[in-house]
There are 6 protein chains.
Amino acid sequence: MKILVVNPNTTSKMTEKILESARKFAFPGTTISASNPIVGPESIQGYYDAAVCVPQIIELIKQEKDFDAVVISCFDDTGLDAIRCITDKPVIGIGEAAAIYAGRLACSFAIITTLSRSVPGIESNIYKYGLGSICKKVVASGIPVLELEKMDPVALDRINVTIHQLIRNFDIEAIVLGCAGMVDLANKLSREHNIPVIEGIGCGITLAQSMVKIGAKTSKSGGYAQPFKF
Amino acid sequence: MKILVVNPNTTSKMTEKILESARKFAFPGTTISASNPIVGPESIQGYYDAAVCVPQIIELIKQEKDFDAVVISCFDDTGLDAIRCITDKPVIGIGEAAAIYAGRLACSFAIITTLSRSVPGIESNIYKYGLGSICKKVVASGIPVLELEKMDPVALDRINVTIHQLIRNFDIEAIVLGCAGMVDLANKLSREHNIPVIEGIGCGITLAQSMVKIGAKTSKSGGYAQPFKF
Amino acid sequence: MKILVVNPNTTSKMTEKILESARKFAFPGTTISASNPIVGPESIQGYYDAAVCVPQIIELIKQEKDFDAVVISCFDDTGLDAIRCITDKPVIGIGEAAAIYAGRLACSFAIITTLSRSVPGIESNIYKYGLGSICKKVVASGIPVLELEKMDPVALDRINVTIHQLIRNFDIEAIVLGCAGMVDLANKLSREHNIPVIEGIGCGITLAQSMVKIGAKTSKSGGYAQPFKF
Amino acid sequence: MKILVVNPNTTSKMTEKILESARKFAFPGTTISASNPIVGPESIQGYYDAAVCVPQIIELIKQEKDFDAVVISCFDDTGLDAIRCITDKPVIGIGEAAAIYAGRLACSFAIITTLSRSVPGIESNIYKYGLGSICKKVVASGIPVLELEKMDPVALDRINVTIHQLIRNFDIEAIVLGCAGMVDLANKLSREHNIPVIEGIGCGITLAQSMVKIGAKTSKSGGYAQPFKF
Amino acid sequence: MKILVVNPNTTSKMTEKILESARKFAFPGTTISASNPIVGPESIQGYYDAAVCVPQIIELIKQEKDFDAVVISCFDDTGLDAIRCITDKPVIGIGEAAAIYAGRLACSFAIITTLSRSVPGIESNIYKYGLGSICKKVVASGIPVLELEKMDPVALDRINVTIHQLIRNFDIEAIVLGCAGMVDLANKLSREHNIPVIEGIGCGITLAQSMVKIGAKTSKSGGYAQPFKF
Amino acid sequence: MKILVVNPNTTSKMTEKILESARKFAFPGTTISASNPIVGPESIQGYYDAAVCVPQIIELIKQEKDFDAVVISCFDDTGLDAIRCITDKPVIGIGEAAAIYAGRLACSFAIITTLSRSVPGIESNIYKYGLGSICKKVVASGIPVLELEKMDPVALDRINVTIHQLIRNFDIEAIVLGCAGMVDLANKLSREHNIPVIEGIGCGITLAQSMVKIGAKTSKSGGYAQPFKF
């Protein structure tokens, strides 16, 4: 099967990194490709960035014809509902996938994202997905998306301190890293803090393959009906 | 004060009708103008239409410089969160405004919208705004937005039957007309069914003026922070 | 139009101050009058005070015949449901109005009220109105209603510290001042903390005018039906 | 121990009937007395009636000095929060008691009350008590409180039909009779429909005795703190 | 009437202590007996312990024939739904009983339980019972169940500190002791902290007697229907 | 990888059928085995059946040493929380998996299960998982688990009628078959009704493989901590 990963931002270096990570989660026989819009924000941080890149993502997906499922590789699940309208193939966001997986591994989890402006959109998604009782906190690390690329010790330290506080003060049993740029950190942090630390790419890529495997199709009745003109 | 009404769809005849209605709700000293994107969907019906027109709306608002508040005149509050990021002036959606007003007039209300594809987005908004316990139903009349322009007797009859059933079977105490195209129907239906029937334009226009009157500004801290580049 | 403001407590000096503030929020052509019961509690602090003054408020409103809308100027929206039964004119509480406005300006807000005994009633209202996901905190400043009149530096300082902590520890994006006695503080605090600080009088007065403007009537079917005898 | 039953309405014949029923639920050693205000509504039907009788109830309870717990014998739990402020003895509403008991006997229940105007207040209580997921429906029989006294066959038939529909269409597993006037019907209806049918007097009287037995006191910290003047 | 108390764990000394406490809450004419499984966990701490002892509890109850109600004396209400299937007599858990009573005495309460592994099960129950808005916190004291038997000063001190913090930082108005082993502490802690401190045995025993008094039967329609084979 | 499927009931013919279905959903390199307890209920219908088989399931899993993930193949996710305590390998219930997949394919779905006694447990799970806003209905077909094996035309017809009504009356966009015995029906029903019809085995098996693929481990901190003795 073929999985199309869409990085909603225009930073192609990040797309490459995401693709590299994504391929580690391919089951035998799965081909994964990744793509990003050419115009639009360099990183998706908050409601504005998320809104302006959606038409570009839709165009990109329309041009790609040969895929069995789509994975939106930004933690705010950019444009998820709209994209589900244009195809009956499964469309998965890495944010929803990671939150779902975390809820299977622990009785409570917290999400650590980048900047405070990204928190309300993620909280709103969690609330909409109905995971509010399991996801106890969505916190901002204060590190912008593109800084995560460089991963200097100071940034890493701030994330470590945040995880430590979440475990100690809020009895958090698992952590979700709320940014595609944090993909390489999960295993290391999990070992250090001795609780599951989940990142979204692996969750999204495997959930998408799973849905293809069972032959799942997006409903074309109601909210995800095919648009009249597109 | 100056209120800018944005009709998210490209049907300028509808924009004119909306502007005409909106002006009836201007307090003395208020100037109202209305605008719509030039490219994009003719009507906003469901998640796809809503997503693709947001960047156009944002461009349109950026070009307009002289306004004190913005009203988004589509019942799904198209792009509301993203638009709040680009200005500190109040931004109001007619969907949220109508649902808020209805909740002040009755202990339970229902929303009648156009097609079934528009229902989940509105339900999702209502749920997000937290009005789920007062808004008991969101139902589709089955009449597309642009058909509402012509308002033939068959369409009107279907809306009447729907209201009748909502009152009888679900003890609904007030009705919200969930489409800007229904603006002219509210008073007539209210008289006929003897309960409040609310449409969104009046609610949105007056709420926007109210927020300007108290000097309200959109928070630039957190979710509605100014985008880094725009 | 004519707006009747009802101060539920018997402190007429407070009624005068409320009226003075309220008039700043009158649209051209609006007349505002204010009234308070002659017997009853001097300030409304908690469930007991709120309950005992309601029949007095109802009597007061019955005697006033000439109004287009009523504003209840106490943050716990004293007697709101009962008062809506006795008139088909819009009835607005300053608590609900302020919480609604704050939810249009920010993704999260907190309410600062007077004493801890007032917190549960306000929380309960917020929960009933469905704004629990946006209103993250209701906190008591520890300053009684009538002390707010005098506004000594110590009291002001305590409110400043509380706002500072809410922003820093809970990512609060806007503040609602949960007492009619705090009406003069909003602008000053907003400038100092650089986020929206909302007080209820302006919100209630403008929302009431807005509802009159659209010709809104309280439903007389169901929960707000006219009492059999009154 | 001594239980004081307060019938919030002024119909003394109803108070007598309530007292007679209440005494059947006294544990050995318990004395039960009942009282009602002298002025006020003849029956409590909706928000207005409930609000105007609360100060009278409070006066009545202040005059009675010798009791160990108070039971408010109207299904809308008239004035419950305010009354809890004036005593540290347990105060129980028959509405809350019946809903709590029903939730221990069945996975889902419905409440049948009198008129549609009483539904929102009860729904609002159920929502506040947090029983919304177990209480699937609150329905009006259309029979006013005082008609229930006479219990003609037509009224009884309407209640029977309502119960039948609730079981058949909504998988309701237990019924709560939402009016003190229905106290004599519970056993008969339970036998006929072969599911638990609960009335509130028995629940309220026994719960009150239980709370006295364990020495429970109402918290005087926070929402139920003693009023400053009363 | 006869109340059967089931201690889900195999520590018979704890059963004796529970029985001794339970008898203090018997109304005249009530006989209370207590029993525990012979094989199974020594204490119920978390999901695993709770699950493995349920079939033993069911066997134990099947053998006892002569009872009018069952009280499950472990704060996680071990096996409550399953046990309700095998009898039409009322079955009450001490966890649900205590949470219900606390919600009648205060506008907010917190539960203090033993170890962190017990917190999610209790939170999940509270959420299921619908008491989430009143129960603000479920916290672990860190003291295992069987250590509570010995009640050394260090353990007691830790509980005192926890209560103090809950009152100061979270405006908690009442405390529920979330373990049958804490039964003797309630009165002492209540006096010291000057707010209601509730333990579950008294609540469960009195609620069970109350339900017998009104002749309540568990519904045999739907979720608690009699098993096909048992 | 090796997936262990546990059928909680003792009907080995059903285990074989489940295994056969499960194997269709194995990614290359995955081995699937299935097992069931030898003593216990023949089918899991309601709370009692679910409770009594859990210790048997736990024993069965303890004996199996060689697996990478466990799938509980009963729609009520029998013993899920307890089983997660005894291993750090992922443990997935087919009920949770199916509900999660359905929520990715449609804006609303309904679950059709066997008997009315199974409905509350499933509803309670859905509520606990937080999917209540997407899962609009849980309905009983009235066909017992073991009758589904034979799948006579009458039973099939009843399911068809139920799906038809759910689509027509409640705007349901996808269906979840709430019983492992319905595994063969999904594709056929999906074609006939032209909306996604999901069964749990495929969802559970693929989700389990996905979680193994990303190296996910169950948290051993908090609610799923390893039992002290087991």
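Everything quoted here is computed from the prediction, not taken from an experiment.

### Considering the overall build of chain A
Secondary structure summary: chain A contains 9 helices and 8 strands in total. Seen along its three principal axes, the alpha-carbon backbone of chain A occupies a region of about 50 × 35 × 35 Å. Residues classed as buried in chain A amount to 68% of the 230 residues present. Sequence-distant contacts, at least 24 apart, represent 71% of the contacts inside chain A between residues at least 6 apart. Entry remark: accessible area of chain A is about 7,800 Å², with carbon and sulfur atoms responsible for 49%. Taking the average location of the 23 positive side-chain charges in chain A and that of its 23 negative ones, the two points are 4 Å from each other.

### Describing the relation of the copies chain E and chain D
Between chain E and chain D, the superposition needs a rotation of 180 degrees and an axial shift of 0.0 Å, giving an RMSD of 0.0 Å. In symmetry terms, the pair is related by a two-fold rotation axis. Identified as the residue of chain E closest to the rotation axis by C-alpha distance is Gly-130 of chain E, at 2.1 Å. A symmetric contact is evident, with 100% of the interface residues of chain E recurring at the interface of chain D.

### What to know about the relation of the copies chain C and chain E
Each copy of the sequence occupies a distinct position, and chain C is placed on chain E by a rotation of 120 degrees and an axial shift of 0.0 Å, giving an RMSD of 0.0 Å. Taken together, these values place the two copies in the relation of a three-fold axis.

### As for the state of the cysteines
Enumeration over the complete set of coordinates arrives at 0 disulfides over all chains. No disulfide involves Cys-85 of chain C; its sulfur sits 7.5 Å from that of Cys-107 of chain B, the nearest cysteine. Its relative accessible area of 3% is what places Cys-85 of chain C among the buried residues. This cysteine, Cys-203 of chain F, is not joined by any disulfide, and Cys-135 of chain F carries the nearest cysteine sulfur, 14 Å off.

### Quick notes on the pattern of salt bridges
Oppositely charged side chains are able to pair whenever their charged atoms sit close together. This structure, assessed with the given rule, holds 48 salt bridges over all chains. Close ionic contact of Lys-62 of chain C with Glu-59 of chain C constitutes a salt bridge, the shortest N to O distance being 3.5 Å. Of the two residues, Lys-62 of chain C and Glu-59 of chain C are both situated in helix α2 (residues 47-63); the distance of 3 residues between them amounts to about one turn of the helix. Overall, Lys-62 of chain C belongs to the partly exposed group, its relative accessible area being 27%. Where Lys-128 of chain C meets Asp-81 of chain C, a salt bridge forms, and the shortest distance between an N and an O atom there is 2.4 Å. Here the residue Lys-128 of chain C occupies a position in helix α5 (residues 119-129), and Asp-81 of chain C occupies one in helix α3 (residues 80-85), the gap between them amounting to 47 residues. Each of Arg-84 and Glu-96 of chain A together with Arg-104 of chain F takes part in one network of salt bridges that share partners.

### Some points on the interface of chain C and chain E
Think of interface size as the accessible area that goes away when the parts come together; that is how it is often given. At the interface, 4 residues of chain C touch 4 residues of chain E. Taking both sides of the interface into account, the surface hidden between chain C and chain E amounts to around 340 Å²; carbon and sulfur atoms contribute 54%. Summed over the three residues of chain C that lose the most area to chain E, namely Pro-120, Glu-123 and Tyr-127 of chain C, the buried surface amounts to 63% of that side. Joining chain C to chain E, the criterion identifies 1 salt bridge. Of the charged contacts in the structure, one is a salt bridge between Lys-136 of chain E and Glu-123 of chain C, with a shortest N-O distance of 2.8 Å. Across the chain C-chain E interface, the total number found is 1 residue pair in polar contact (both at pLDDT 80 or more). For the side of chain C that touches chain E, the element with the most residues is α5 of chain C, which contributes 3 residues. When the residues that make up the side of chain C that touches chain E are grouped by side-chain class, the tally is 3 nonpolar, no polar and 1 charged.

### Side note on the environment of Ala-174 of chain B
As for its placement among the helices and strands, Ala-174 of chain B is situated in strand β7 (residues 174-177). Through-space distance from the C-alpha of Ala-174 of chain B to that of Val-197 of chain B is 5.9 Å; in sequence the pair is 23 residues apart.

### Considering the packing of aromatic side chains
Inspection of every chain in the model, using the stated rule, returns 12 aromatic pairs over all chains. Both rings, one in Tyr-47 of chain A and one in Tyr-224 of chain B, keep their centres 6.1 Å apart while their planes meet at 35 degrees; by these two values the pair is tilted. Here Tyr-47 of chain A, found in helix α2 (residues 47-63), pairs with Tyr-224 of chain B, found in the segment after α9 (200-213), and the two come from separate chains. Each of the two residues, Tyr-47 of chain A as well as Tyr-224 of chain B, counts as buried. The positively charged end of Lys-89 of chain C is found above the aromatic ring belonging to Phe-67 of chain C, 5.3 Å away from the centroid.

### Describing the environment of Leu-156 of chain F
One can find Leu-156 of chain F in helix α7 (residues 153-170). On a C-alpha basis, the gap between Leu-156 of chain F and Thr-206 of chain F in space is 27 Å, while along the polypeptide they are 50 residues apart.

### So, the sheet that holds strand β5 (residues 109-113) of chain C
Sheet strands line up and pair through hydrogen bonds in the backbone, either parallel or antiparallel. Residue and element names in this part refer to chain C. An order of β6-β5-β7-β8 is seen for the 4 strands of this open sheet, with the pairing classed as parallel. The outermost strands of the open sheet, each flanked by one partner alone, are β6 (135-140) and β8 (197-199). Here the strands of the sheet are splayed against their neighbours by 20 degrees on average, with no regard to which way each runs. Lying over the sheet, helix α8 (residues 186-193) contacts β7 (174-177) and β8, oriented at roughly 170 degrees with respect to β8.

### Section: the arrangement of the chains
A minimum C-alpha distance of 15 Å separates chain B and chain E, which share no contact. Separated in space, chain C and chain F share no contact, their closest pair of C-alpha atoms being 15 Å apart.

### Topic: the pairing of strand β3 (residues 69-72) of chain D
All names here are of chain D. The alternating pattern of β3 places Ala-69 and Val-71 and Val-70 and Ile-72 on opposite faces, both of which are buried. With 4 bridges joining them, strand β1 (residues 2-6) and β3 adopt parallel strand pairing. Pairing of Ile-3 across the sheet is with Ala-69, part of β3. Once you follow β3 into helix α3 (residues 80-85) and on to strand β4 (residues 91-93), the crossover reads as right-handed.

### Quick word on the interface of chain E and chain D
Each partner contributes to the interface: chain E provides 44 residues, whereas chain D provides 44 residues. Summing the contributions of chain E and of chain D, the shared interface buries around 3,500 Å²; its carbon and sulfur component is 66%. Between the two partners, chain E and chain D, sit 2 salt bridges. We note a salt bridge from Glu-96 of chain D to Arg-104 of chain E, for which the minimum N-O separation is 2.6 Å. Applying the counting criterion to the chain E and chain D interface returns 15 residue pairs in polar contact (both at pLDDT 80 or more). Those elements giving two or more residues to the side of chain E that touches chain D turn out to be β4 (91-93), α4 (94-105), α5 (119-129) and α9 (200-213) of chain E. If one sorts the elements of the side of chain E that touches chain D by residue count, α9 of chain E sits on top with 8 residues.

### Overview of the sheet that holds strand β6 (residues 135-140) of chain E
All names here are of chain E. Taken in spatial order, the 4 strands of this open sheet run β6-β5-β7-β8, and their pairing is parallel. Only two strands of the sheet have a single neighbouring strand rather than two, namely β6 and β8 (197-199). Within the sheet, the average angular offset between the axes of one strand and its neighbour, ignoring direction, is 20 degrees. Two elements, strand β5 (residues 109-113) and β6, share 5 bridges in a ladder whose sense is parallel. When the sheet's bridge partners are listed, Thr-113 is paired in β6 with Ala-140. Running over the sheet, α5 touches β5 and β6 and is turned about 165 degrees from β6. Sheet contacts for helix α7 (residues 153-170): β5, β6 and β7 (174-177); angle to β5, the most-contacted strand, approximately 155 degrees.

### Description of the packing of α5 of chain C against helix α5 (residues 119-129) of chain D
Following both chains from N to C, one finds α5 of chain C and α5 of chain D inclined at 110 degrees, their axes separated by 10 Å at the closest point. Judged by the inter-axis angle, α5 of chain C sits roughly perpendicular to α5 of chain D. In this structure, the crossing between α5 of chain C and α5 of chain D has a hand that is right-handed. On the side of α5 of chain C, the interface is formed by Ser-124, Tyr-127 and Lys-128 of chain C, while α5 of chain D contributes Ser-124, Tyr-127 and Lys-128 of chain D.

### Concerning the packing of helix α4 (residues 94-105) of chain D against helix α9 (residues 200-213) of chain D
All names here are of chain D. Interaxial distance between α4 and α9 falls to 8 Å at its minimum, and their mutual angle equals 95 degrees. If you check the angle between α4 and α9, you find them roughly perpendicular. Every residue of α9 that contacts α4 at Ile-94, Ala-97, Ala-98 and Tyr-101 is listed here: Gly-200, Ile-201, Cys-203, Gly-204, Thr-206 and Leu-207. Looking at the contact of α4 with α9 residue by residue, the class counts come to 7 nonpolar, 3 polar and no charged.

Calculation notes
Residues numbered from 1 in each chain as written. Chains lettered and ligands numbered in written order. Predicted model: local features only at pLDDT ≥ 70, side-chain atom pairs only at ≥ 80, totals over all residues. Heavy atoms only, no water. Helix = DSSP H or I, 4+ residues; strand = E, 2+ residues; numbered from the N terminus. Buried < 20%, exposed > 50% of the residue type's maximum accessible area, 1.4 Å probe, protein only. Contact = heavy atoms within 4.5 Å. Areas by Shrake-Rupley, 256 points an atom, 1.4 Å probe, with all protein chains shown as cover. Lys, Arg positive; Asp, Glu negative; His and termini not counted. Charge placed at Lys NZ, Arg CZ, Asp CG, Glu CD. Least-squares fit on C-alpha atoms with pLDDT ≥ 70 in both. Disulfide = S-S within 2.5 Å. Salt bridge = Lys/Arg side-chain N within 4 Å of Asp/Glu carboxyl O. Buried area = accessible area lost by both parts, 1.4 Å probe. Polar contact = N/O pair within 3.5 Å; in protein donor to acceptor, adjacent residues only side chain to side chain. Nonpolar A, V, L, I, M, F, W, Y, C, P; charged D, E, K, R; others polar. Phe/Tyr/Trp six-rings, centres within 6.5 Å; stacked < 30°, edge-to-face > 60°. Lys NZ or Arg CZ within 6 Å of the ring centre and 35° of its normal. Pairing = 2+ DSSP bridges. Axes fitted to C-alpha atoms, helices over the stretch in contact; angles between N-to-C directions. Right-handed = clockwise from strand over helix to strand, strands pointing away. Parallel < 35°, antiparallel > 145°, perpendicular 65-115°, else oblique. Left-handed = near helix turned anticlockwise from the far one by under 90°.

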